[in-house]
6 protein chains.
Amino acid sequence: MRTDLQAPIADVRALVAMALAEDLTPLGDLTSSLLDPQLMATAEFNARQPGVLAGCACVQETFAAVDPALRIQWNKNDGDRIVAGEVLGVATGPFATLLTAERTALNFLSALSGIATNAAQWVDLAAGRVIVWDTRKTTPGYRSLQKAAVRAGGAANHRGNLSDWLMLKDNHLVGMSISEAVKKARRVWPGRTVHVEVDREEQMFQAMEAGADIILLDNFSPADLKPLVAKVHQWAIDNSARRPLLEASGGISLSTLDAYADTGVDLVSSGSLTNSAGVLDIGLDVRPNS
Amino acid sequence: MRTDLQAPIADVRALVAMALAEDLTPLGDLTSSLLDPQLMATAEFNARQPGVLAGCACVQETFAAVDPALRIQWNKNDGDRIVAGEVLGVATGPFATLLTAERTALNFLSALSGIATNAAQWVDLAAGRVIVWDTRKTTPGYRSLQKAAVRAGGAANHRGNLSDWLMLKDNHLVGMSISEAVKKARRVWPGRTVHVEVDREEQMFQAMEAGADIILLDNFSPADLKPLVAKVHQWAIDNSARRPLLEASGGISLSTLDAYADTGVDLVSSGSLTNSAGVLDIGLDVRPNS
Amino acid sequence: MRTDLQAPIADVRALVAMALAEDLTPLGDLTSSLLDPQLMATAEFNARQPGVLAGCACVQETFAAVDPALRIQWNKNDGDRIVAGEVLGVATGPFATLLTAERTALNFLSALSGIATNAAQWVDLAAGRVIVWDTRKTTPGYRSLQKAAVRAGGAANHRGNLSDWLMLKDNHLVGMSISEAVKKARRVWPGRTVHVEVDREEQMFQAMEAGADIILLDNFSPADLKPLVAKVHQWAIDNSARRPLLEASGGISLSTLDAYADTGVDLVSSGSLTNSAGVLDIGLDVRPNS
Amino acid sequence: MRTDLQAPIADVRALVAMALAEDLTPLGDLTSSLLDPQLMATAEFNARQPGVLAGCACVQETFAAVDPALRIQWNKNDGDRIVAGEVLGVATGPFATLLTAERTALNFLSALSGIATNAAQWVDLAAGRVIVWDTRKTTPGYRSLQKAAVRAGGAANHRGNLSDWLMLKDNHLVGMSISEAVKKARRVWPGRTVHVEVDREEQMFQAMEAGADIILLDNFSPADLKPLVAKVHQWAIDNSARRPLLEASGGISLSTLDAYADTGVDLVSSGSLTNSAGVLDIGLDVRPNS
Amino acid sequence: MRTDLQAPIADVRALVAMALAEDLTPLGDLTSSLLDPQLMATAEFNARQPGVLAGCACVQETFAAVDPALRIQWNKNDGDRIVAGEVLGVATGPFATLLTAERTALNFLSALSGIATNAAQWVDLAAGRVIVWDTRKTTPGYRSLQKAAVRAGGAANHRGNLSDWLMLKDNHLVGMSISEAVKKARRVWPGRTVHVEVDREEQMFQAMEAGADIILLDNFSPADLKPLVAKVHQWAIDNSARRPLLEASGGISLSTLDAYADTGVDLVSSGSLTNSAGVLDIGLDVRPNS
Amino acid sequence: MRTDLQAPIADVRALVAMALAEDLTPLGDLTSSLLDPQLMATAEFNARQPGVLAGCACVQETFAAVDPALRIQWNKNDGDRIVAGEVLGVATGPFATLLTAERTALNFLSALSGIATNAAQWVDLAAGRVIVWDTRKTTPGYRSLQKAAVRAGGAANHRGNLSDWLMLKDNHLVGMSISEAVKKARRVWPGRTVHVEVDREEQMFQAMEAGADIILLDNFSPADLKPLVAKVHQWAIDNSARRPLLEASGGISLSTLDAYADTGVDLVSSGSLTNSAGVLDIGLDVRPNS
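What you are looking at is a predicted structure, and each value in this text was computed from that prediction instead of being measured.

Definitions and cut-offs
- Residues numbered from 1 in each chain as written.
- Chains lettered and ligands numbered in written order.
- Predicted model: local features only at pLDDT ≥ 70, side-chain atom pairs only at ≥ 80, totals over all residues.
- Heavy atoms only, no water.
- Helix = DSSP H or I, 4+ residues; strand = E, 2+ residues; numbered from the N terminus.
- Buried < 20%, exposed > 50% of the residue type's maximum accessible area, 1.4 Å probe, protein only.
- Contact = heavy atoms within 4.5 Å.
- Areas by Shrake-Rupley, 256 points an atom, 1.4 Å probe, with all protein chains shown as cover.
- Lys, Arg positive; Asp, Glu negative; His and termini not counted.
- Charge placed at Lys NZ, Arg CZ, Asp CG, Glu CD.
- Pairing = 2+ DSSP bridges.
- Axes fitted to C-alpha atoms, helices over the stretch in contact; angles between N-to-C directions.
- Expected span 1.5 Å × (residues − 1).
- Arc of directions from axis to C-beta.
- Buried area = accessible area lost by both parts, 1.4 Å probe.
- Salt bridge = Lys/Arg side-chain N within 4 Å of Asp/Glu carboxyl O.
- Polar contact = N/O pair within 3.5 Å; in protein donor to acceptor, adjacent residues only side chain to side chain.
- Nonpolar A, V, L, I, M, F, W, Y, C, P; charged D, E, K, R; others polar.
- Parallel < 35°, antiparallel > 145°, perpendicular 65-115°, else oblique.
- Left-handed = near helix turned anticlockwise from the far one by under 90°.
- Least-squares fit on C-alpha atoms with pLDDT ≥ 70 in both.
- Phe/Tyr/Trp six-rings, centres within 6.5 Å; stacked < 30°, edge-to-face > 60°.
- pLDDT = per-residue confidence, 0-100.
- Domains from an automatic or database assignment.

**Q** Any chance you could explain the overall build of chain A here in plain terms?
**A** Scanning chain A for helices and strands turns up nine helices and twelve strands. With the C-alpha coordinates aligned to their principal axes, the bounding extent of chain A is approximately 75 × 35 × 25 Å. Burial analysis of chain A (290 residues in total) assigns 61% to the buried set. When contacts within chain A are restricted to residue pairs at least 6 apart in sequence, long-range pairs at least 24 apart make up 73% of them. Counting every atom, chain A has about 9800 Å² of accessible surface; 50% of that belongs to carbon and sulfur. Positive and negative side-chain charges of chain A, numbering 26 and 33 respectively, have mean locations separated by a distance of 6 Å.

Right, dumping it as structure tokens:
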């Protein structure tokens, strides 16, 4: 298991606890209660689509929380490419509690693998020309899990939250110039990344001159971005200055990514990586032991 | 506000608390800390797409949790149809904390409105011929919020959780016939809905004869369903018996819904209502007071 | 262990955590702190009254939460009949922490076994003529544990909570007839049990004609119930309709149960099953190892 | 409101939150959802039995948590004697949410008032001759609420928990004499009450000589207690020593209390005060506003 | 491990969970994510100052919560004297997660050992002449851990919280004499320690005559205390009464402790034991396995 | 109130809830229960030492949580310099609950103001020559409150937690050169601050050449730092490169700060800002209304 692809385990535990409470309150699994509690079973997690796996820790935790007697042996792990028909892991234990845990486990696994798979499509298409970056457009409460799934798909994480670094948008520049705002940011929060969002060329130059670490070029077309990127490079040479990282954002999709990847920006970001990823179809085939 | 479209408020509060913790830990909103704390602002929630609104209570709670001084006046409520460009509500209060709350509020609102909008598309297309039903394929921890959003979109809620009613699938019928399982369900859990999933006609008859309240016809084509529905009606007449509700499920999508709606089944269900709904594009336009 | 007699383990854990916090805050068990931490002990759970056991999982969890070194071997389990003097289980581990856990463990075990024992008395007296049903009159926060104890005693669980099914009482019928209310319930919440409470014969017929699944006959005497039951049977024959389940409720006690069991109703329910059950006297006899 | 009869408000909030979660998960109150959300109502809490009121704060909190629009005006408060037929308080607000809150509110109020009423019966019968004391035999998680209800009934609280003071039972005296144990308790936990349980006269003298603050005389008959009490008084005179408080305990009930109250002991304690109190019958009569 | 020096484990777990959440939200340990997850390491807890150890359970729990694969072998335990350079314990496990846990573990260990060490300095200086007592001046939320650390240092715990016993200060004596207040305390809360704070000799006599268990002599100099102590002893002889415990408090520090210890009071207390203790310098020397 | 000096309100609420639970479980404030609940009082927060105020939100929340009837009017706020004898704020409300809240409120206020005051002493002494930076050596669970108090004292916050930015220490450089590690950090976590700790001049050059944003010069004397700073400046000129920020750390105290402030480094950091700050003496003078 690659720890760099995992969310903090406490977040996994909190969400699994909520999930089981909502699925079992107040009387537990009525249907499974009809089954013989001694009956054992084996169950295979089966990929019904190709993709990238993410969320194994959630499955593990779900099974453990429903019944400590349940065990899983994984053939694949977070970050692995999987093909349709592949057996991702094999669970064993009491038949009744295996069925109780099934839907919650699959809900986690298919949603997080959906994000990893979607991210991987972006990364594949970017083909190393540009880094694919997520956003803060995540399901509330799932920030760490969804950002870990983005990493499992090979993309990178943008700012984790509002406490990570400073990101100056138009809104923040009330009664302050970009230059003043960046200066204030450096003084109040020394050492932190200062990121500036711009939607006009002149703002880009102001941000660059103010020493921004990253400049988000918002809603520019690929055609407009190319010359801007060139100007930034030239400015850095002319001023013997460290060039800021350049991020393109605003309505970029899988169908326009290719053009953006050729503009020379360092990063493209899209909320759709996390908020419109869809699910990866994964099933659990359960067979009671004879 | 229609209380029947709301999730229990405690669930809203718990998720908002998690959302703010993940977005503000440990130092709060660094960027907003640069702003004048006395500056007030007005902000409009703007629909950028037509759809159905859901999640207003989450926005309300997010604003209250970030800063009790924030106020919202809603023009639209959960369950309302909205058009692109419409101002859904107007928030006022301190500029700095309004910006802090923005992303979390929008993440809730756009995701839940996305589900309501998607559900409404199904309901519109069904045009009263069939009830559109959700499933338990929800984001873990969001069951009550997502099911409320489904209701806001005009669709109905299937079983809320494993404790609601009994649903006998192939898996549960180990060493028990359908008839025996239904009988046991009636004895152990008197008064509860007993739901049986079948994938062959003979099983359908067994479930009907056993007195199932609902029969899920799994993975049948519309063409195959029509004669089955007729047989059920005939059976009820022949036996002077109450006809079970008939649910079609298994890979039904917006593009095949029309055909299923003509089969005569009572209900169609699809996990995609909740797990593949996408987001509704809603923005917050913030203007500091001059 | 019969899983069908267990409450969701998360509820057990939450209550045990609360129980230990209230008993140990802030300084822990002062008296046990005087003891030699190396001293081991053996302790027997002894039934001092005959009855039915329930709550073993709470004891298990209490011991584990106080000290992972404590172990229990059960001779009896939830749902088992026990006789006075019987050794229900044997705990071993550090003497000091065994004493710390004692009272909390016994508080759970005696209260839940009290409910199971009380339920079993009802079930024994009913002697198969009628199903004994609990209510929502449970200790707040203990719904799932007390309803599991009711099952351990052989009785059945009524509606688990307000989200399970619909129960139309007089109060709900403001500006709606019974017929309209049942129709609305079927439309808004398809597939769910619809339960109607009536206190007059005409209402019973309205509910039956509206297609209610269960009719609660509230506060009728056994003498009044018998002819009503006959009328329901006749109505079902006359109309070739499925007969609703009939529940008698309202002030029924162990002393009147026999008469009600002879009326032909399907179910009798009483809040006293859970809110007036008393405790079963169970002790823990602790002996330090010499 | 007498603050000395209240449990810490945080405990009330935690239990109310659990209660509502268990009653409303996952879909809320299905039946109330059929009602017009605009309809307002008035509801009276009516005593159907005479007794002593306790638990008003739980009702208040339940209503507030279900719907902040609900209001209650109390005519009576915790600790007040109430008669059958008396209107204890009047609630107003939305009809639908009033019905949602009803059962949870009544479950708290009737159980806690049951304890207060039971305690008051003991206190009345004791008629000032002896202090009535509760025990740690409380519903796990309800310690502070049930002990507050005991105070509302006019009885007194024994040790609140294991961290309050030291109570040496036979079990604790392994390899230590009573004298050594009391000495150790004084040294390790200076300033705290040291309480010793004895079941033989010689132990009583050892505890007294060791300087115990309270001596629990376990399982003595009233006839046996009287001479022991006299001996304690004489010992105190002979030794110019402060007499320990004397507590009688072990199987004392309402029917034997009178005899124990005449023995001269200072305190009688019984687990039945909290674990076998029964409920006080209180109803909520709801009337929608016309 | 001496259980009498431990805080309730639930408190340890709650604080560790908060600590890891604040240190890892939302993306986990970025720096450790660069390391090879297979690489194992060994780490030694090294004392860099002499002192007394406390907080081992927090370290244990921190490591377990970060990664169950981490193990610690302790050479020393809570309450042990340690010398500079001593290896207190050796941790082994994955290098990456060991580094993740390091700072949180050390923050607990160095703060709690700082309190134990400070307490031990007071105890050493008191040299058995007087008991050193802590106060309620603890870090909110850390009461049980800091009081356990005080015990690890050999000092004793004063009142644990407001629910332990009664402590009548000037403030409480509004419209009541000391005598009336003590009497009321005995009646309402029988069996509990009654503690009275006085700042004048006449009050001391009033408290003594009222039968207070402990008298806090507030802000008296050592010179003033000596004759007061003598008067108390004489009073007890004259009245054949049990002498109350005498506590000196108010601005006592390590530099004045010696004089107070010679006054004959039973106890000296100081908030500085817990709120000004400083940290004990302990490091973790981590070496990846080659 | 300056929002930039506040910790996230959710953290304040969580700690206040823990604090009150530990101080009031299970029976509440016994002593205050003796007082007349109708009696009102006024209480002044008085500074007994000069310093800088921090923690007002904790006091506010504590009072609100104990009793919503308590009110505070602040004369001073977080970040304000205060003098001995100054009245910081005035609280009013029921006498009994004011006393219940007193100690918890003061424990927060004196500890956080102690940190702000200590930080201000560092900042005053630095006199603008160097930025004073805190560390992650905070009380576990108090990170956000203590870092806000550091800001209230005018100093700046270092990395908030392990998820903020990357900090490469010796330990992390196993099998990777500084250059490789920085490169990997840039690739995996684009946009984030990369911070390198060095203890030899050659490492400093490696870090600089690798493009580190901040270099921590660990355990260098002021005399050794001066020439290193000069070399860094020269290197930046020679290479037309952005100079990294330079941080001095390792055993710096108030007594050595002056020398370090003259070395030309940008930042000095010390764990003692948060873990050895001591408390600021603040009292609450309560007067019941006559």
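**Q** I would appreciate a short explanation of the sheet that holds strand S10 (residues 245-249) of chain F in the present structure.
**A** Through backbone hydrogen bonds, the strands of a sheet pair up, either in parallel or in antiparallel fashion. All names here are of chain F. Ordered in space as S6-S11-S10-S9-S8-S7, the six strands form an open sheet in which the pairing is parallel. In this open sheet, the two edge strands, each paired with only one partner strand, are strand S6 (131-133) and strand S7 (166-168). This sheet shows a mean twist of 25° between the axes of neighbouring strands, independent of strand direction. Pairing analysis gives five bridges linking strand S9 (residues 214-218) to S10, with the strands arranged parallel. When the bridges of S10 are listed, Ile 214 appears paired with Leu 245.

**Q** Would you explain helix H7 (residues 222-238) of chain A in this entry?
**A** Each α-helix winds once per 3.6 residues, and so residues spaced three or four apart point in a common direction. Residues and elements named next belong to chain A. With 17 residues, H7 should reach 24 Å at 1.5 Å per residue; the first-to-last C-alpha distance of 24 Å fits that figure. Among the residues making up H7, those that are buried are Leu 225, Leu 228, Val 229, Val 232, Trp 235 and Ala 236. Seen along its axis, H7 keeps its buried residues to an arc of 125°; they face one direction. Away from its buried face, by an angle of more than 90 degrees, H7 presents the exposed residues Ala 223, Ile 237 and Asp 238. Where H7 terminates, the next one or two residues include Ser 240, which has phi positive at roughly 45°.

**Q** I'm lost on the interface of chain A and chain C in this one. Help?
**A** Note on interface size: it is often stated as the accessible area lost on association of the parts. Taken together, the contact pairs eight residues of chain A with 16 residues of chain C. Summed over both partners, the interface of chain A with chain C buries about 900 Å², with 63% contributed by carbon and sulfur atoms. The three residues of chain A that bury the most area against chain C are Pro 26, Leu 27 and Pro 37 of chain A, which together make up 57% of that side's buried surface. Where chain A touches chain C, the interface holds zero salt bridges. Counting across the chain A and chain C interface gives zero residue pairs in polar contact (both at pLDDT 80 or more). Here the residues of the side of chain A that touches chain C are counted per class, giving five nonpolar, three polar and no charged.

**Q** Sorry, what's going on with the packing of helix H3 (residues 95-126) of chain F against helix H4 (residues 143-152) of chain F here?
**A** Helix-helix packing is described using two parameters, namely the angle between the two axes and the distance between the axes. Residue and element names in this part refer to chain F. The interhelical angle for the contact between H3 and H4, taken along N-to-C directions, is 45°, at an axis separation of 7 Å. Compared by their axis directions, H3 and H4 come out oblique. The handedness of the crossing between H3 and H4 comes out as right-handed. Side by side, H3 and H4 meet where Phe 108, Leu 112, Ile 115, Ala 116 and Ala 119 of the first sit next to Leu 145, Gln 146, Ala 149, Val 150 and Ala 152 of the second. Each residue belonging to the contact of H3 with H4 can be placed in one class, and the counts come to nine nonpolar, one polar and no charged.

**Q** What am I meant to see in the relation of the copies chain D and chain C here?
**A** Copies of the same chain, two in number, are related to each other by a rotation about an axis and a translation along it. Mapping chain D onto chain C leaves a residual RMSD of 0.0 Å; the transformation is a rotation of 180° accompanied by 0.0 Å of translation along its axis. Such values leave the two copies arranged in the relation of a two-fold axis. Residue by residue, 100% of the interface of chain D is reproduced at the interface of chain C, so both copies engage with the same surface.

**Q** How should I be thinking about the interface of chain D and chain C in this particular structure?
**A** At the junction of the two partners, chain D supplies 59 residues and chain C supplies 59 residues. Summing the contributions of chain D and of chain C, the shared interface buries around 5000 Å²; its carbon and sulfur component is 60%. Inspection of the region where chain D meets chain C yields four salt bridges. Between Arg 136 of chain C and Asp 23 of chain D there is a salt bridge whose closest N-O contact spans 2.7 Å.

**Q** Could you clarify how one ought to interpret the packing of aromatic side chains in this entry?
**A** Any aromatic ring pair is given by two values, namely how distant the centres are and how the planes are angled relative to each other. This model, assessed by the stated rule, comprises 27 aromatic pairs over all chains. Among the aromatic side chains, those forming a connected cluster through ring pairs are Phe 108 and Tyr 142 of chain A together with Phe 108 and Tyr 142 of chain B.

**Q** What am I meant to see in the pattern of salt bridges here?
**A** Side chains that carry opposite charge are capable of pairing whenever their charged atoms lie near each other. Tallied over the full model, the rule gives 108 salt bridges over all chains. Between Arg 186 of chain C and Asp 213 of chain C there is a salt bridge, with the nearest N and O atoms lying 3.0 Å from each other. You can see Arg 186 of chain C sitting in helix H5 (residues 178-188) and its partner Asp 213 of chain C sitting in the loop between helix H6 (201-210) and strand S9 (214-218), a full 27 residues away along the chain. Classification of Arg 186 of chain C by relative accessible area gives partly exposed; the value is 28%. The residue Arg 143 of chain F makes a salt bridge to Asp 23 of chain E at a minimum N-O spacing of 2.8 Å. Within this pair, whereas Arg 143 of chain F is found in helix H4, its partner Asp 23 of chain E is found in helix H1 (residues 9-24), the two belonging to separate chains.

**Q** How should I be thinking about the confidence of the model for chain A in this particular structure?
**A** Regions with low pLDDT should not have their predicted coordinates read in detail. The predicted model of chain A has a mean per-residue pLDDT of 96, with 100% of residues at 70 or higher. With pTM at 0.97, the complex prediction returns an ipTM value of 0.97.

**Q** For this particular structure, what's the right way to read the relation of the copies chain A and chain C?
**A** Under the fitted operation, chain A is carried onto chain C by 0.1 Å of movement along the axis and a turn of 120°, and the coordinates agree to an RMSD of 0.0 Å. The transformation relating the two chain copies, once decomposed into turn and shift, fits a three-fold axis. Across chain A, the smallest distance between a C-alpha and the rotation axis is recorded for Ala 14 of chain A, namely 7.6 Å.

**Q** Looking at this structure, I do not really get the domain arrangement of chain A. What am I missing?
**A** Domain annotation for chain A reports domain 1 (3-124 + 277-288) and domain 2 (165-270). Domain 1 of chain A and domain 2 of chain A are separated by 41 Å when their C-alpha centres are compared.

**Q** Would you mind going over the packing of helix H6 (residues 201-209) of chain D against helix H7 (residues 222-238) of chain D with me for this structure?
**A** All names here are of chain D. With their axes 11 Å apart at the nearest point, H6 and H7 run at an angle of 30° to one another. With respect to each other, H6 and H7 are oriented roughly parallel. Handedness of the crossing formed by H6 with H7: right-handed. Note on element contacts: H7 touches H6 through Leu 228, Lys 231, Val 232 and Trp 235, opposite Glu 201, Met 204, Phe 205, Met 208 and Glu 209. Across the contact of H6 with H7, the residue classes tally to six nonpolar, no polar and three charged.

**Q** When you look at the environment of Val 188 of chain E in this model, what are you seeing that I'm missing?
**A** Relative to the elements of secondary structure, Val 188 of chain E occurs in helix H5 (residues 178-188). The exposure class assigned to Val 188 of chain E is partly exposed, which follows from its relative accessible area of 26%. Val 188 of chain E has contacts with Ala 156 of chain D together with Leu 34 of chain F, leaving out every residue within four places of it along the chain.

**Q** How should I be thinking about unusual backbone geometry in this particular structure?
**A** Generally, phi is negative for residues other than glycine and the peptide bonds are trans, each holding for most cases. That bond from Thr 25 of chain C to Pro 26 of chain C is cis: its omega, -5°, falls within 30 degrees of zero. Relative to the helices and strands, Pro 26 of chain C resides in the loop between helix H1 (9-24) and strand S1 (40-47). Of note in the backbone geometry, Asn 219 of chain B takes a positive phi value of approximately 65° without being a glycine. Checked against the element boundaries, Asn 219 of chain B lands in the loop between strand S9 (214-218) and helix H7 (222-239). A positive phi angle, close to 50°, is found at Ala 127 of chain E, a residue other than glycine.

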